[in-house]
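Understanding the architecture of this molecule
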Amino acid sequence: MTASERKIGLINGFSGRNEMLRTTFCEVVGVEHPIVQAGMGPFGSCSELAAAVSNAGALGSLGGAARSPEDLQQQLAVLRTLTERPFAVNFTQPWLQQHPESFDIALEMHAPVVSLCPK
């Protein structure tokens, strides 16, 4: 670590000795690291990826937009078997306006976090 990196770390409250960044987000959501996996819809986001991110201590996200109700339920059920840690289900606002049942499914399946994207 360079002198300027140490100085920046000390300004931010870190000594550089393997300290972890702990934020209010970590406390509220129940994760170890203030990192959120982006929800990528069904094209790049699956229950296995979300579980791996959650199991690593961050907040994994399952993309909920553009999924059929059956697929969303199945992915959430699999996700529940792969992790006991918090995860998010991510929707776009236009998707939810056209498919409000998706939000209901996320609530019924007890998703710990539901995140929304405006577009």
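Structural data are supplied above this passage.
About the cut-offs
Residues numbered from 1 in each chain as written. Predicted model: local features only at pLDDT ≥ 70, side-chain atom pairs only at ≥ 80, totals over all residues. Heavy atoms only, no water. Salt bridge = Lys/Arg side-chain N within 4 Å of Asp/Glu carboxyl O. Helix = DSSP H or I, 4+ residues; strand = E, 2+ residues; numbered from the N terminus. Buried < 20%, exposed > 50% of the residue type's maximum accessible area, 1.4 Å probe, protein only. Axes fitted to C-alpha atoms, helices over the stretch in contact; angles between N-to-C directions. Parallel < 35°, antiparallel > 145°, perpendicular 65-115°, else oblique. Left-handed = near helix turned anticlockwise from the far one by under 90°. Contact = heavy atoms within 4.5 Å. Nonpolar A, V, L, I, M, F, W, Y, C, P; charged D, E, K, R; others polar. Pairing = 2+ DSSP bridges. Right-handed = clockwise from strand over helix to strand, strands pointing away.

What follows deals with the pattern of salt bridges. Between side chains of opposite charge, a pair can form when the charged atoms approach closely. What the rule picks out here adds up to three salt bridges. In this structure, the salt-bridge partner of R85 is E32, at a minimum N-O distance of 2.6 Å. With a gap of 53 residues between them, R85 in the loop between α5 (69–82) and β2 (87–92) and E32 in the loop between α2 (24–29) and α3 (41–44) connect regions that are remote in the sequence. Overall, E32 belongs to the partly exposed group, its relative accessible area being 37%. Two residues, D71 and R67, come together in a salt bridge whose shortest N-O distance is 2.8 Å. The buried category is assigned to R67, whose relative accessible area is 5%.

Moving on, we get to the packing of α5 against helix α7 (residues 100–108). Helix packing for two helices is described by the angle between their axes and how far apart those axes are. The interhelical angle for the contact between α5 and α7, taken along N-to-C directions, is 20°, at an axis separation of 10 Å. On the basis of their axis angle, the class for α5 and α7 is roughly parallel. As α5 packs across α7, the resulting crossing turns out to be right-handed. From α5, P69, L72, Q73 and L76 reach across to α7, where they touch E101, S102, I105 and A106. Looking at the contact of α5 with α7, its residues break down into five nonpolar, two polar and one charged.

Alternating positions in strand β1 (residues 60–63) separate into two faces, G60 and L62 on one and S61 and G63 on the other, with burial throughout. As paired elements, β1 and β2 share four bridges and run parallel to each other. The residue bridging G63 from the neighbouring strand is N90, located in β2. Chirality of the crossover, the property in question, places the unit of β1, α5 and β2 among those that are right-handed.

Moving on: the side chain of S102. Position of S102 relative to the elements: it lies in helix α7. Residue S102 is classed as buried on the basis of its relative accessible area, which comes to 1%. The contact partners of S102, leaving out residues within four places of it in the chain, are L72, F91, W95 and L96.

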